[in-house]
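Secondary and tertiary structure notes
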Amino acid sequence: MLEECMKRCMGLLQDLLASPKEVSEKSTSEEVQEYEKWAYQKDRYQGKLESAEISLKQLEHAPQIDSEHQAFIEKVRRDFKGYGFKDEDHVNRVLATSLNELSSSVCQTQKGYFMVGGAEGVSNQLCGKTERPLTFLTAAGIDFCTDLSTVVEGSKYFTVSAKWEATQPLRGKFEDWKGPREKTDFYERVKNLYKCIFTAAEVQGVTHPCVLPMGLGVFLDNVPEKCRDEVKRCYFRAQVELLQEKDWGFAVYVLNAGPPCLVSLAKKVVEETAGTAGEGLRCPIVVHSRDVKFIAVSLASMGYSAAYLNPSDAIAVLQGLIGYFWEVGKGSCYVGEEDFVATSTAILSRTNISDLHTDSSRVLSA
């Protein structure tokens, strides 16, 4: 059934890749707009098609994988204390949680190097080995973008619009926060995620974490418009409060908040939470919109213990540091994670190359 569905999806993608009528001087404005829209989306459709082809090949091994997975689950149930669970109820609750939900409670970390630098206005040029390795951190924000995750996650926090019908796209399904409790639950979940990230950085001895905005891009797609500002505030406030509550060993916290509008919001949240003088902060916070990768490389070149946060997705929990589409990202699909893989040693952490992420002695609880 799944194989047949994937083949149908691939057929649809191939139809979408078929070029519309070529434009010419005689083309109407509607024909020109249709062609430009197709050209813009072409790389994205091609990337999805190539990814689907890879997934289809992997389905051949599905029965064996399912058998091994079930055997592992039974092993965890029998020896739940050996895997860090408190009791049977605890292990059952976790095992009943989807991968998407679990991924926003995990941070993976690995030492590595970038192979390019960006000093003095020269971007992505090969550079020498930095004096110290960087700490790569990978975590996933809460996904309100992909359909299945939106249905699961959105239903926890938002009310459903009375105008929405099941035949309509998910964007527009949710209308507002369910209430103060759900808003608090969302904030606490985001804060716990950043606690995982900070704990991972602390264990690796990071002094100069360089982080990107997480959960504030495409993951906001299906969040109700009236709730988006509060969701963004939750992500920024969680970081500031954690930097007030504990000394994580950071000399400075370098936060790329995204585009100018998010930089302004992040600065406002910092001031609201810690005051203009940064009351209670255990280290300074630098809010900016510069290239985090090049800042991290420069700091490592100067001998500092720098970290680079890769905002990823659920699949990174399976693959090790690297999420969806990294291998087929090109054109408009070549974004942060694709660049992270292409210009660093992060690929060496992939689970079919390294089994370090399955070593239980390396698993820590935040």
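**Regarding the overall build of the protein chain**
A count of helical and extended segments in the protein chain gives 12 helices and 10 strands. Of all 366 residues assigned to the protein chain, the portion counted as buried reaches 42%. Within the protein chain, residue pairs in contact and separated by at least 24 positions form 71% of the contacts whose partners lie at least 6 positions apart. Element-wise, carbon and sulfur atoms account for 53% of the exposed surface of the protein chain, whose accessible area totals about 20100 Å².

**Regarding the packing of aromatic side chains**
Taken as a whole and assessed by the stated rule, the structure comprises 21 aromatic pairs. With a centroid separation of 5.3 Å and an interplanar angle of 80°, the aromatic rings of Tyr-157 and Phe-186 are classed as edge-to-face. With Tyr-157 in helix H6 (residues 147-157) and Phe-186 in helix H7 (residues 180-203), this residue pair connects regions lying 29 residues apart in the sequence. Per residue, the accessibility class of Tyr-157 equals that of Phe-186, and both read buried. Considering the side-chain rings of Tyr-194 and Phe-198, the 6.3 Å spacing of their centres and the 65° angle between planes classify their relative orientation as edge-to-face. Separated by four residues within a single helix, Tyr-194 and Phe-198 lie in helix H7, roughly one turn from each other.

**Section: the nonpolar core**
When a protein is soluble and globular, its nonpolar side chains tend to lie buried together. Core analysis: the biggest nonpolar cluster contains 52 residues, and Phe-186, Tyr-194, Ile-197, Phe-198, Phe-236, Leu-243 and Tyr-253 have the highest contact counts within it. At the level of secondary structure, the elements contributing two or more residues to this core comprise strand S4 (134-140), strand S6 (174-177), H7, helix H8 (225-245), strand S8 (253-256), helix H9 (260-274), strand S9 (285-288) and strand S10 (306-312). No other element matches the 10 residues that H7 contributes to this core. In contact with Ile-197, not counting residues within four places along its chain, are Cys-107, Leu-137, Ala-139, Met-214 and Leu-309. In this structure, Phe-114, Phe-136, Val-252 and Ala-300 belong to the second largest nonpolar core, which totals 19 residues.

**A short note on the pairing of strand S1 (residues 107-112)**
Put simply, side chains in a regular strand alternate between the two faces of the sheet. Counting buried residues along S1, five of its six residues qualify, which places the element largely inside the surrounding structure. By the bridge criterion, six bridges tie S1 to S4 in an arrangement that is antiparallel. Each bridged residue has a counterpart across the sheet, and for Thr-109 the counterpart in S4 is Leu-137.

**Details of the pattern of salt bridges**
All told, the structure shown has 16 salt bridges when counted by the stated rule. Residues Asp-221 and Arg-171 are paired through a salt bridge, measuring 3.5 Å at the closest nitrogen-oxygen approach. Residue Asp-221 is located in the loop between strand S7 (208-211) and H8, and its partner Arg-171 is located in the loop between strand S5 (158-160) and S6; the two are separated by 50 residues in the primary sequence. Its relative accessible area of 24% is what places Asp-221 among the partly exposed residues. A residue is classified by how much of its surface remains accessible, and Arg-171, at 54% relative accessible area, is exposed. Where Glu-241 meets Arg-237, a salt bridge forms, and the shortest distance between an N and an O atom there is 3.2 Å. With Glu-241 and Arg-237 both in helix H8, this residue pair falls four residues apart, about one helical turn.

Thresholds, definitions, all that
- Residues numbered from 1 in each chain as written.
- Predicted model: local features only at pLDDT ≥ 70, side-chain atom pairs only at ≥ 80, totals over all residues.
- Heavy atoms only, no water.
- Helix = DSSP H or I, 4+ residues; strand = E, 2+ residues; numbered from the N terminus.
- Buried < 20%, exposed > 50% of the residue type's maximum accessible area, 1.4 Å probe, protein only.
- Contact = heavy atoms within 4.5 Å.
- Areas by Shrake-Rupley, 256 points an atom, 1.4 Å probe, with all protein chains shown as cover.
- Phe/Tyr/Trp six-rings, centres within 6.5 Å; stacked < 30°, edge-to-face > 60°.
- Core = buried A, V, L, I, M, F, W, Y, C linked by side-chain atoms within 4.5 Å.
- Pairing = 2+ DSSP bridges.
- Salt bridge = Lys/Arg side-chain N within 4 Å of Asp/Glu carboxyl O.

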